[in-house]
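# What the coordinates show
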Amino acid sequence: MRKVAHYAVLGLALSAGVAWSGVALAQQIVVKFSHVVAPDTPKGKAADKFKELGEKYTNGKVKIEVYPNSQLYKDKEELEALQLGSVQLLAPSLAKFGPLGAREFEAFDIPYIFPDKAALQKVVNGPVGKSLLSKLDSKGIAGLAYWDNGFKIMTSNKPMKTPDDMLGMKLRIQSSKVLEAQMKALGAVPQVMAFSEVYQALQTGVVDGTENTPSNTYTQKVHEVQAHGTITNHGYIGYAVIANKKFWDGLPADVRAGLDKAMAEATVYANDIAQKENDDAMEAMKKSGKIKFHTPTDAERAQWMKALKPVQQEMASRVGKDLIEQINKETGAK
Ligand code: LMR
């Protein structure tokens with residue numbers, strides 16, 4: 001008899017517990033954060049950090065689901081999904097905002113426009129960075145932060161010491177007109193392709209080579225299907241973290257405060273780890289013995305710069321002459 005009563009109480013407690021958590025779950029706000037790279041990259045790790053902090057600072061009111069590796073959407077589709085509200089957060093590379101009509105972001109793709117990371121940080125944290133993010137408002141997008149990745153290397157199956165070696169090569173690029181002009185300036189043939197398709201395109205010879213950061217090159221196993229790399233550091237890859245504006249602006253004030261705090265801290269984290277992630281990836285690729293890297297001599301570097309510098313002027317009408325001048329002023333370039 002006593003035993004039956006005990007089970008009855010336990011049963012009540014359990015069903016009450018289930019009912020309670022059911023209510024809690026029903027009220028939980030779900031934030032889907034989609035991205036195209038591997039979890040083990042600067043962006044992948046920062047997205048996971050944002051999940052950890054965002055859920056903590058909102059005391060369980062928010063569940064953040066991170067979908068890496070183009071699991072949900074590829075490059076172009078994820079931007080459409082954000083505008084439709086099928087996902088709430090993305091961090092596309094700055095080279096992917098042109099198709100949205102935000103051509104100014106392609107200024108970040110101009111070869112050699114940032115002499116180093118310090119100059120880059122000055123620009124994104126200054127008036128240029130802020131004004132670019134606010135331009136997204138009219139597209140139903142809230143620009144939240146910039147996350148760093150790094151400078152790019154070139155890879156292919158033949159040595160690339162100078163721009164002459166690029167002649168006629170088919171090279172995968174992100175969807176940026178500046179990158180298209182960059183590859184043409186080298187005499188190469190640019191081919192826009194989603195990030196998720198790059199490995200297979202290189203493996204099957206659909207394209208001859210590509211450019212990316214060491215971290216992306218390594219985590220996509222590009223070094224396993226490319227025999228040569230050149231450490232050109234000719235351009236930059238970084239991200240704008242963006243949200244569906246209606247969703248973001250409509251969050252309850254306390255939830256929004258918690259997510260803003262989480263985003264600020266995840267941004268510091270992202271920018272802290274990016275360089276090391278890239279350095280480690282470079283080391284790992286060198287150790288693998290599968291790819292041979294060339295570091296240009298001063299004279300070779302001068303040739304890369306000479307071939308690529310005209311892209312800045314050529315693209316001024318697309319990304320904005322004033323914007324380029326402002327960036328050059330902030331970085332201290334003449
Ligand atoms: C690429 O598409 O090459 C990369 O920019 C992907 C990324 O998000 O880093």
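Up top is the structure.
Just so we're clear, the structure is a prediction, and the values are computed from it rather than from any experiment.

### Some thoughts on the pairing of strand S7 (residues 189–192)
Inspection of the sheet shows strand S6 (residues 170–173) paired to S7 by four bridges, in the parallel sense. Looking at the pairing, Lys170 lines up with Val189 of S7. With helix H6 (residues 177–185) bridging S6 and the parallel S7, this β-α-β connection has right-handed handedness.

### Brief notes about the sheet that holds strand S10 (residues 236–244)
The strand order S2-S1-S3-S10-S4 describes an open sheet built from five strands, whose pairing is mixed. Bordering the open sheet on either side are strand S2 (62–67) and strand S4 (141–151), each of which pairs with just one other strand. Relative to S2, strand S1 (residues 29–34) runs parallel, the two sharing six bridges. Counterpart to Ile29 in the pairing with S2 is Val62.

### Overview of the site of the ligand
Close contacts around the ligand come from Val36, Val37, Lys43, Ser93, Lys96, Arg172, Gln174, Phe195, Asn212, Asn216, Ile237 and Tyr239, and that covers them all. Side-chain polar atom of Gln174 to an oxygen atom of the ligand: 2.8 Å apart, as the coordinates give it. In the environment of the ligand, an oxygen atom lies 2.8 Å from a nitrogen or oxygen atom belonging to the side chain of Asn216. When the free accessible area of the ligand is taken as 270 Å², the share hidden by the protein chains comes to 100%. Under a 2 Å grid-point criterion requiring more than half of the atoms, the pocket assigned to the ligand is the largest cavity.

### Quick notes on the layout of surface pockets
Approximately 270 Å³ is the volume attributed to the largest pocket. Lining the largest pocket we find 22 residues, and of these Val124, Asn125, Leu144, Ala145 and Tyr146 sit closest to its centre. Elements with a minimum of two residues in the lining of the largest pocket: helix H4 (117–125), helix H5 (127–134), S4, S10 and helix H10 (253–288). The element best represented in the lining of the largest pocket is S4, accounting for six residues. Residue composition of the lining of the largest pocket, by class: twelve nonpolar, seven polar and three charged.

About the thresholds
- Residues numbered from 1 in each chain as written.
- Predicted model: local features only at pLDDT ≥ 70, side-chain atom pairs only at ≥ 80, totals over all residues.
- Heavy atoms only, no water.
- Pairing = 2+ DSSP bridges.
- Helix = DSSP H or I, 4+ residues; strand = E, 2+ residues; numbered from the N terminus.
- Right-handed = clockwise from strand over helix to strand, strands pointing away.
- Near = heavy atom within 4 Å.
- Polar contact = N/O pair within 3.5 Å; in protein donor to acceptor, adjacent residues only side chain to side chain.
- Areas by Shrake-Rupley, 256 points an atom, 1.4 Å probe, with all protein chains shown as cover.
- 1 Å grid on protein atoms, 1.4 Å probe; cavity = no way out; pocket = protein on both sides within 12 Å on 5 of 7 lines; lining within 4 Å.
- Sits in = over half its atoms within 2 Å of the grid points.
- Points joined across faces, edges and corners; volume = space filled by probe spheres on them.
- Nonpolar A, V, L, I, M, F, W, Y, C, P; charged D, E, K, R; others polar.

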